[in-house]
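Topology and contacts: notes
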Amino acid sequence: MTAGSDPATVLLMLDVIYPGTFDPPTNGHMDIILRAARIFGRIAIVIANHPHKDCFFETEERKELMEQLVSDIPNVEIHVWDGLIVSFAEKVGINVILRGVRALTDFDYEFELCLLYKSLNPGIETILLPTDKKYLVLRSSVIKEIASLGGDVSDMVPPAVEKALREKLQKA
Ligand code: ADP
């Protein structure tokens, strides 16, 4: 068998940080996490806990959802962080940040982020993983809007997230 032909092979023993708001996690996020878990050594998912950011799900709820979603992926761990992502990288000693990109519009923003990370810490490298075309239009903000208007989001988020959205919207 040639290297990498088995999709379950870990190809690089490189640890990466995958930061995001994950409000809530979507099938697009999960695709990036699952693919990354086959490529890299350890994936540290970092859930942003920014008090000024108005999130639909509380930080603890986003963490609990993510914990359920990755519970059977052994090389993934979850952290919550309220500071700069480069400070998290320095704290845990991982110098590679993974970001997902959907379309060219994302690319501009993500490219600027790469440069910002580098200007804050020249030792940080960023890897961009293109989305699978199935998830090109998936965005947490749009999914929340569709769900709040009574639309079906079952193809867009994992079942646990769909349930959490439904319950949260009922309470709202
Ligand atoms: P949002 O989902 O609102 O864009 P996040 O901060 O939760 O924002 O996203 C975290 C990371 O996941 C970012 O790198 C973002 O580009 C990436 N991402 C989000 N949605 C997708 C998707 N559908 N496919 C691939 N990557 C995605």
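Look up a bit, the structure's there.
From a predicted model like this one, the values you see are computed outputs, not experimental measurements.

All right, on to the nonpolar core then. Among the nonpolar cores identified, the biggest contains 33 residues, and Ile33, Ile43, Ile45, Met66 and Val70 are the most heavily contacted of them. Listing elements by their share of this core, those giving two or more residues are strand E1 (16–20), helix H1 (27–39), strand E2 (43–48), helix H2 (59–69), strand E3 (76–81), strand E4 (96–101), helix H5 (140–148) and helix H6 (159–171). Looking at this core element by element, the count peaks at five residues for H1. Counting 13 residues, the second largest nonpolar core, distinct from the first, contains Ile17, Ala44, Leu113 and Ile124.

Examined against the element boundaries, Arg62 turns out to sit in helix H2. Taking relative accessible area as the criterion, Arg62 reaches 2% and is therefore assigned buried. Put simply, Arg62 and Val161 are 99 residues apart on the chain and 9.4 Å apart in space, counted from C-alpha to C-alpha. Not counting the four nearest positions on each side in its chain, Arg62 is found in contact with Thr21, Phe22, Asp23, Ile47, Ala48, Cys55 and Phe57.

Mapped onto the fold, Thr26 is located in the loop between E1 and H1. Filtering out sequence-adjacent residues up to four positions away, Thr26 remains in contact with Ser140, Ile143, Met156, Val157 and Pro158.

Here we come to unusual backbone geometry. Here Asp23 and Pro24 are connected by a cis peptide whose omega angle stands at 0 degrees. When you line up the elements, Pro24 lands in the loop between E1 and H1. In this structure, Phe22 is a non-glycine residue whose phi angle is positive, near 50 degrees. Residue position: Phe22 is located in the loop between E1 and H1.

As a further point, take the site of the ligand. Not every one of the 16 residues close to the ligand is listed here, only the nearest: Tyr18, Gly100, Arg102, Thr131 and Tyr135. A distance of 3.0 Å is found between an oxygen atom of the ligand and a backbone nitrogen or oxygen belonging to Thr21. Here an oxygen atom of the ligand sits 2.5 Å away from a polar atom, N or O, in the main chain of Gly100. Notes on the ligand: free accessible area 530 Å², of which the protein chains cover 90%. A majority-of-atoms criterion places the ligand in the largest pocket. Across the shell around the ligand, the residue classes break down as six nonpolar, seven polar and three charged.

Right, let's get into the layout of surface pockets. Within this model, the largest pocket holds a volume of roughly 1000 Å³. Those elements that place two or more of their residues in the lining of the largest pocket are E1, H1, E2, helix H3 (85–92), E4, helix H4 (104–120) and H5. With seven residues, H4 is the largest single contributor of residues to the lining of the largest pocket. Taken together, the residues of the lining of the largest pocket break down into 19 nonpolar, eleven polar and eight charged. Here the second largest pocket defines a volume of roughly 220 Å³. Around the second largest pocket, the lining residues are Phe57, Glu61, Glu64, Leu65, Gln68, Ala160, Lys163, Ala164, Glu167, Lys168 and Lys171. Mapped by element, the contributors of at least two residues to the lining of the second largest pocket are H2 and H6. It is H6 that contributes the most residues to the lining of the second largest pocket, six residues altogether. Counted by class, the lining of the second largest pocket contains four nonpolar, one polar and six charged residues.

The rules we used
Residues numbered from 1 in each chain as written. Predicted model: local features only at pLDDT ≥ 70, side-chain atom pairs only at ≥ 80, totals over all residues. Heavy atoms only, no water. Core = buried A, V, L, I, M, F, W, Y, C linked by side-chain atoms within 4.5 Å. Buried < 20%, exposed > 50% of the residue type's maximum accessible area, 1.4 Å probe, protein only. Helix = DSSP H or I, 4+ residues; strand = E, 2+ residues; numbered from the N terminus. Contact = heavy atoms within 4.5 Å. Near = heavy atom within 4 Å. Polar contact = N/O pair within 3.5 Å; in protein donor to acceptor, adjacent residues only side chain to side chain. Areas by Shrake-Rupley, 256 points an atom, 1.4 Å probe, with all protein chains shown as cover. 1 Å grid on protein atoms, 1.4 Å probe; cavity = no way out; pocket = protein on both sides within 12 Å on 5 of 7 lines; lining within 4 Å. Sits in = over half its atoms within 2 Å of the grid points. Nonpolar A, V, L, I, M, F, W, Y, C, P; charged D, E, K, R; others polar. Points joined across faces, edges and corners; volume = space filled by probe spheres on them.

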